[in-house]
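Chain and residue survey
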Amino acid sequence: DVSSPKHGKVDPDNMPHVGGNMWAGGTGGRDTAGLGGKGGPYRLDAGHRVYQVSQAEKDAVPEEVKRAAREMGEKAFKQRLKEIQMSEYDATTYERFSGAVRRQVQSLRVILDNLQ
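Quantities reported herein were computed from a predicted structural model and do not represent experimental measurements.

Some remarks on the overall build of the protein
What the protein contains, in helices and strands, is three helices and two strands. Start at the N end of the protein and walk to the C end: the helices and strands fall as β-β-α-α-α. For the protein, the spread of C-alpha atoms along the three principal axes comes to 45 × 35 × 30 Å. By the burial criterion, 23% of the 116 residues in the protein qualify as buried. Nonlocal contacts in the protein, meaning residues at least 24 apart in sequence, comprise 34% of its contacts between residues at least 6 apart. Carbon and sulfur atoms make up 53% of the accessible area of the protein, which totals about 8,600 Å². Separation of charge centres in the protein, based on 18 positive and 16 negative side chains, amounts to 2 Å.

Pasting the structure below:
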C-alpha cells in the first residue's frame, strides 16, 4: 500500500532499484520519486529500464495520497524554477516553444549519437 509521497534515498552507485519504498529514481515502486510506480510525488529518471505497475494499482491509490503527491511535486517544481531563476510564465513559454520542436530535437539527438 502507499502511505505518503517522498523523494527517497539517492543511491550513490546509481544501481537499478525495482519496487520497494526507498530509492529515488527507482522503477515500479511506491511513494518515491521515480518511474512506473504509484503514489510518488514526481517522475525521476535515473536511466534504468522502467518496470510499470498496472493502471489498476495506480487507480487504487487513495485520493489523499494523490493530493499530497501533487502538492509535493508542485513544490519541487517551484523550487527548481527558483534555483534556475525562472518564473512560472517563463516555464510555460519555454514549454510552448520546446514542445513545438521536441520531435525534431529528438531525431537530431539520435543522429548525433549515431555519429559519435
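Things to note about the domain arrangement of the protein
Taken domain by domain, the protein holds domain 1 (1–85) and domain 2 (86–115). Taking only C-alpha atoms, the centre of domain 1 and the centre of domain 2 are 24 Å apart. Each partner contributes residues to the interface: domain 1 has seven residues there, and domain 2 has four residues. The junction of domain 1 with domain 2 conceals about 390 Å² of combined surface from both sides, 63% of it contributed by carbon and sulfur atoms. In this assembly, domain 1 and domain 2 are joined by one salt bridge. Glu-88 is paired through a salt bridge with Lys-78; the nearest N and O atoms lie 3.9 Å apart. At the junction of domain 1 with domain 2, the criterion picks out two residue pairs in polar contact (both at pLDDT 80 or more). Looking at the side of domain 1 that touches domain 2 residue by residue, the classes come out as three nonpolar, one polar and three charged.

Some thoughts on unusual backbone geometry
Notably, Asp-31 is not glycine yet its phi reads approximately 70°, a positive angle. Relative to the helices and strands, Asp-31 resides in the loop between strand S1 (26–27) and strand S2 (34–35).

Cut-offs and rules
- Residues numbered from 1 in each chain as written.
- Predicted model: local features only at pLDDT ≥ 70, side-chain atom pairs only at ≥ 80, totals over all residues.
- Heavy atoms only, no water.
- Helix = DSSP H or I, 4+ residues; strand = E, 2+ residues; numbered from the N terminus.
- Buried < 20%, exposed > 50% of the residue type's maximum accessible area, 1.4 Å probe, protein only.
- Contact = heavy atoms within 4.5 Å.
- Areas by Shrake-Rupley, 256 points an atom, 1.4 Å probe, with all protein chains shown as cover.
- Lys, Arg positive; Asp, Glu negative; His and termini not counted.
- Charge placed at Lys NZ, Arg CZ, Asp CG, Glu CD.
- Domains from an automatic or database assignment.
- Buried area = accessible area lost by both parts, 1.4 Å probe.
- Salt bridge = Lys/Arg side-chain N within 4 Å of Asp/Glu carboxyl O.
- Polar contact = N/O pair within 3.5 Å; in protein donor to acceptor, adjacent residues only side chain to side chain.
- Nonpolar A, V, L, I, M, F, W, Y, C, P; charged D, E, K, R; others polar.

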